[in-house]
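# Tertiary structure, described
The lines below spell out each chain.
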2 protein chains.
Amino acid sequence: MAAFPFDGPSQEASRLTAFAENTLDRRSENRPRDCLLTALRDHRTLAYAVMNGRLLLAFDEATPAALFPLAKLASLGADLDRAVLLGFASDMAPRLVVPVSTEAEDLPVPYKAVDYRSLYMQALLPPPLLGEVAQGASLIAWNDSARYCGRCGGRTRSECGGYRRDCPACEKQYFPRTDPVVIMLTVDEVKDRCLLGRSPHFRPGMFSCLAGFVEPGETIEDAVRRETLEESGIALGRVRYHASQPWPFPHSLMLGCYGQALSGEIRFDSTELEDCRWFSRSEVRGMLSHPSEDGPATPAEGTIAHRLITDWAFREG
Amino acid sequence: MAAFPFDGPSQEASRLTAFAENTLDRRSENRPRDCLLTALRDHRTLAYAVMNGRLLLAFDEATPAALFPLAKLASLGADLDRAVLLGFASDMAPRLVVPVSTEAEDLPVPYKAVDYRSLYMQALLPPPLLGEVAQGASLIAWNDSARYCGRCGGRTRSECGGYRRDCPACEKQYFPRTDPVVIMLTVDEVKDRCLLGRSPHFRPGMFSCLAGFVEPGETIEDAVRRETLEESGIALGRVRYHASQPWPFPHSLMLGCYGQALSGEIRFDSTELEDCRWFSRSEVRGMLSHPSEDGPATPAEGTIAHRLITDWAFREG
C-alpha cells in the first residue's frame, strides 16, 4: 500500500470536476460578528446575484460577467438581508452572493439568468468562479431552508456572514448542511464491462452511473453496495473511492466510487430507472470519443459520472 | 491504476471501525405510510431505547441486553410517537429505536443508561448492534432537530417510519441529515513521521488526527488541505481517502484520509488545539503497542483516527 499513489492536487480526479475549484479564503470559523456589514460597506466588494436556482450574468462583453459591485445590483432588487459572505479574494476584497428579486423575464439588457447546470455545460465561467457559485448557491439554499428553528419553531437569524443561524428563543445554533451522495461505476472485471442506468428524466439516449444518498449510520462503501443492489440487483464486492464533487442541487457532496461486480444478472428498480444495462469498454470508449445524436450517450464533461466513466474507459490495464 | 487494490468488504478499512457494521434491511425508500404502526403492532418487534444521547442496557445476563420487546419499555416511559423504524432483521422482524423519558438515575434494576462512546470503548455490544445503535441515535437526533419546518415554521410530522418529515403547511419534505467531516493523518514521507494534535478536551496525554467539517462547495481533498493548514500551518500536497465511519455525535460521516506534508514548521491554531507535533513512526508504534499511563497515547480502538494511525504505523514500505 503506497501512501500517495496519485498525482498532485492539480491532477487529482476531484479537481477535474465542475464546481470543484475555489481559491477564496473562506475564514468561516474565524469571522467577526459584523463581517457581513463590513463587507457590504467595502467598495472593493464584488457579488454574485442569484434568483431561484439561477445565476445572473451580464452579456455586454466578450465573456459574460458574473461578479458585480453592489451598487449595480440595487436596481435589480438585491436582498441584502439574505446576502452571504463567501470569503475573500487574493487581494482581500470580500466576495458575496446576494439573492435578487427581479423575475428572470423582467431583467433589463444585458442581464440574463442562467441555471447552474448550463454554467458548466456551456463553459460560461472560468473554473474558480464556478466553484464560488456552487459554494454560494448551496449556502443561499441552506439559509432559505433554515429560517425557523427546527427544535422550537422560533425565527432564526443569520450569523457569521451566513455560515451559521442562531435561534434566539432556544439558543440552538445551525450550521450549513451538506448531503453526502454516493455515485458509482460498477465494473465487471472478468467481462471488461461497466453498468450504466437511465433515469426517466435524463435527456434522450443518456446513460449514467447509479447514485443515492448516504443513509444515517452507513459507511461510503456500504452505501455504494446497498444502492447498487437496490437499483440494479447487482451484488458488489470491493468498493474504491475515486473522486468527490460539490454539487449545488441544492447542497450535495458527490462521492464517486468504483464497485466490483460479483453478479451479472440485472433486475433494475423500475420506479427509479427506465433502463439499466452492461456496456463493454469499447462501446463506452466510442460513446466518449464519438458522441452521436441518436446512440447512447454519457453525461456531460464536468460531471463526476463523466469522470468515473472516462477514467475507467481509458485507464491502462 | 488498478481498479480494486484493496481486500474484500470484510477486510476494508471502513469495516474495521466502530459503528460501521449493520445488517438490517432498511428499505428506507420503499416504506408504506403505516410502516411504523405495523411495526408497533408486530409481536416480533424489538427496540433499542435511548435517552439524552445514551442507550438503555439491561445487565441481568452475562452479556448486557440492548434489544427489548415494546411491552418491556412501556413502564420506562417509552415515547412511541417519536419511535423510528430502523429496518428489518434477517427473520423480517421490525427493529425500532424508541426514546424513553425515565431519568438515568431513576432507572430500576437491571437497567443502566450508557453513553454511545462507552458502548465501543468497553465493547458492550457486538459490532452489528453497535451499527444499528449509530443509525438509531442519528435518526432520533435528526428528528428532534426537525420538528418545525425551517422554511415556514410550521409543525412537521414524521413519515416513512422516521425517515422523512413533512410540513403540512408548505408541503416541504425533509430528509435525514448526515454531516461529512474530514479527519486526516498528515504524513511527512521524507522524515517518516506523522502529525498529531491535542484538543483541550481530550483525556490527558491523548493525541489524535486533525479533523473538521466539509464546507459547502468543497471537495474532500480540498477540505483536508484547508483544515490542516488552518489548524497546524502545514501545507499538504496529495490527499488519499482511506476509510469512512458513521459517527453518531449527533449524525456525522467521518471521511478518513492521508495527507502528504509539503512543509514542516508547525504553527498550530491555539483556539482549537493545545498542542500539535510530529511523531516518528517508531514513536507511534510504541504508543500503539505499549500504551502507557503517562506518555502520549492514541485514540481508542474503533475510532477512525486509530485506524488511520495504525494503518500508517504498521504498513509495509
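Everything that follows concerns the structure shown earlier in this document.
In this report, we go over the structure that sits alongside the text. (Residues numbered from 1 in each chain as written. Chains lettered and ligands numbered in written order. Predicted model: local features only at pLDDT ≥ 70, side-chain atom pairs only at ≥ 80, totals over all residues. Heavy atoms only, no water.)

### Details of the interface of chain A and chain B
Contacts between chain A and chain B engage 72 residues on the former and 71 residues on the latter. Buried surface at the junction of chain A and chain B, summed over both partners, amounts to about 6000 Å²; 54% is from carbon and sulfur atoms. Between chain A and chain B we count eight salt bridges in total. Elements represented by at least two residues in the side of chain A that touches chain B include exactly α4 (127–144), β9 (179–188), α5 (220–232), β12 (236–247) and β13 (252–261) of chain A. The greatest single-element share of the side of chain A that touches chain B, amounting to eight residues, is contributed by β12(A). Per-class residue counts for the side of chain A that touches chain B are 30 nonpolar, 17 polar and 25 charged. (Contact = heavy atoms within 4.5 Å. Buried area = accessible area lost by both parts, 1.4 Å probe. Salt bridge = Lys/Arg side-chain N within 4 Å of Asp/Glu carboxyl O. Helix = DSSP H or I, 4+ residues; strand = E, 2+ residues; numbered from the N terminus. Nonpolar A, V, L, I, M, F, W, Y, C, P; charged D, E, K, R; others polar.)

### Considerations on the pairing of strand β4 (residues 94–99) of chain B
Residue and element names in this part refer to chain B. Here β4 lies mainly inside the structure; six of its six residues are buried. Inspection of the sheet shows strand β1 (residues 46–51) paired to β4 by five bridges, in the parallel sense. Each residue of the ladder has a partner; that of Ala-47, found in β4, is Leu-96. Judged from the four bridges that link them, strand β3 (residues 84–88) and β4 form a sheet pairing that is antiparallel. From the neighbouring strand, Gly-87 faces β4, where its bridge partner is Arg-95. Hairpin geometry of β3 and β4 is characterised by an intervening segment of five residues between the two adjacent antiparallel strands and by a positive phi of about 75° at Met-92. (Buried < 20%, exposed > 50% of the residue type's maximum accessible area, 1.4 Å probe, protein only. Pairing = 2+ DSSP bridges.)

### What to know about the pairing of strand β2 (residues 54–58) of chain B
Residue and element names in this part refer to chain B. Of all the five residues making up β2, four are buried; the element is thus mostly covered by neighbouring parts of the structure. Bridge count between β1 and β2: two bridges; the pairing is antiparallel. Its bridge partner being in β2, Met-51 is matched across the sheet by Arg-54. As paired elements, β2 and strand β5 (residues 111–115) share five bridges and run antiparallel to each other. Across the sheet, Leu-55 pairs through a bridge with Val-114, a residue of β5.

### What to know about the environment of Leu80(A)
Residue and element names in this part refer to chain A. Residue position: Leu-80 is located in the loop between α2 (70–74) and β3 (84–88). Once the C-alpha coordinates of Leu-80 and Gly-217 are considered, the two residues, 137 residues apart in sequence, prove to be 38 Å apart. If near-sequence neighbours (up to four positions away) are discounted, Leu-80 is found in contact with Leu-36, Leu-40, Leu-70 and Val-98.

### Focus: α5(A)
Structural remark: α-helix, 3.6 residues per turn; residues separated by three or four positions point the same way. All names here are of chain A. With 13 residues, α5 ought to run about 18 Å at 1.5 Å a step, and its terminal C-alpha atoms sit 18 Å apart, in line with that. By the criterion of burial, α5 is predominantly enclosed, with eleven of the 13 residues buried. Three or more residues of α5 are buried, namely Ile-220, Glu-221, Asp-222, Ala-223, Val-224, Arg-225, Arg-226, Glu-227, Thr-228, Glu-231 and Ser-232. The first or second residue beyond α5 is Gly-233, which carries a positive phi of 80°. (Expected span 1.5 Å × (residues − 1).)

### As for the sheet that holds strand β2 (residues 54–58) of chain A
Residue and element names in this part refer to chain A. One open sheet accounts for five strands, arranged β3-β4-β1-β2-β5; its pairing is mixed. Looking along the sheet, the strands with just one partner apiece sit at the ends: β3 and β5 (111–115). Going across the sheet, the axis of each strand differs from the next one's by a mean of 35°, ignoring polarity. Across the face of the sheet, α4 comes into contact with β1 (46–51), β2, β3 and β4 (94–99) while running at roughly 150° to β3. (Axes fitted to C-alpha atoms, helices over the stretch in contact; angles between N-to-C directions.)

### Points about the relation of the copies chain A and chain B
Superposing chain A onto chain B requires a rotation of 180° together with a translation of 0.0 Å along the rotation axis, leaving an RMSD of 0.0 Å. Expressed as a symmetry operation, the mapping of one chain copy onto the other fits a two-fold axis. When the interface residues of chain A are mapped onto chain B, 99% of them again lie at the interface, so the same face is used by both copies. (Least-squares fit on C-alpha atoms with pLDDT ≥ 70 in both.)

### With respect to the sheet that holds β2(B)
Residue and element names in this part refer to chain B. Spatial ordering of the open sheet is given by β3-β4-β1-β2-β5, a layout of five strands whose pairing is mixed. The outermost strands of the open sheet, each flanked by one partner alone, are β3 and β5. Along the sheet, successive strands turn relative to each other by an average axial angle of 35°, direction set aside. Packed onto the sheet, helix α4 (residues 127–144) meets β1, β2, β3 and β4 and runs at close to 150° relative to β3.

### A word on the packing of aromatic side chains
Each pair of aromatic rings is reported with the distance of its centres and the angle of its planes. Residue and element names in this part refer to chain A. Following the criterion strictly, the structure yields 17 aromatic pairs over all chains and no others. Each ring, one from Phe-19 and one from Phe-249, has its centre 6.3 Å from the other, and the planes form 70°; the classification is edge-to-face. Here Phe-19 is found in the segment before α1 (35–41), whereas its partner Phe-249 is found in the loop between β12 and β13, with 230 residues between them in sequence. By relative accessible area, Phe-19 is classed as buried at 1%. (Phe/Tyr/Trp six-rings, centres within 6.5 Å; stacked < 30°, edge-to-face > 60°.)

### Description of unusual backbone geometry
The omega angle of the peptide bond from Phe249(A) to Pro250(A) is -5°, so this bond is cis rather than trans. Structurally, Pro250(A) is set in the loop between β12 and β13. Along the chain, Val109(B) connects to Pro110(B) via a cis peptide bond; the corresponding omega equals 10°. With respect to the helices and strands, the residue Pro110(B) is situated in the loop between β4 and β5. Although it is not a glycine, Arg27(A) adopts a positive phi angle of roughly 45°. Within the secondary structure, Arg27(A) sits in the segment before α1. Judged by relative accessible area, which is 28%, Arg27(A) ranks as partly exposed.

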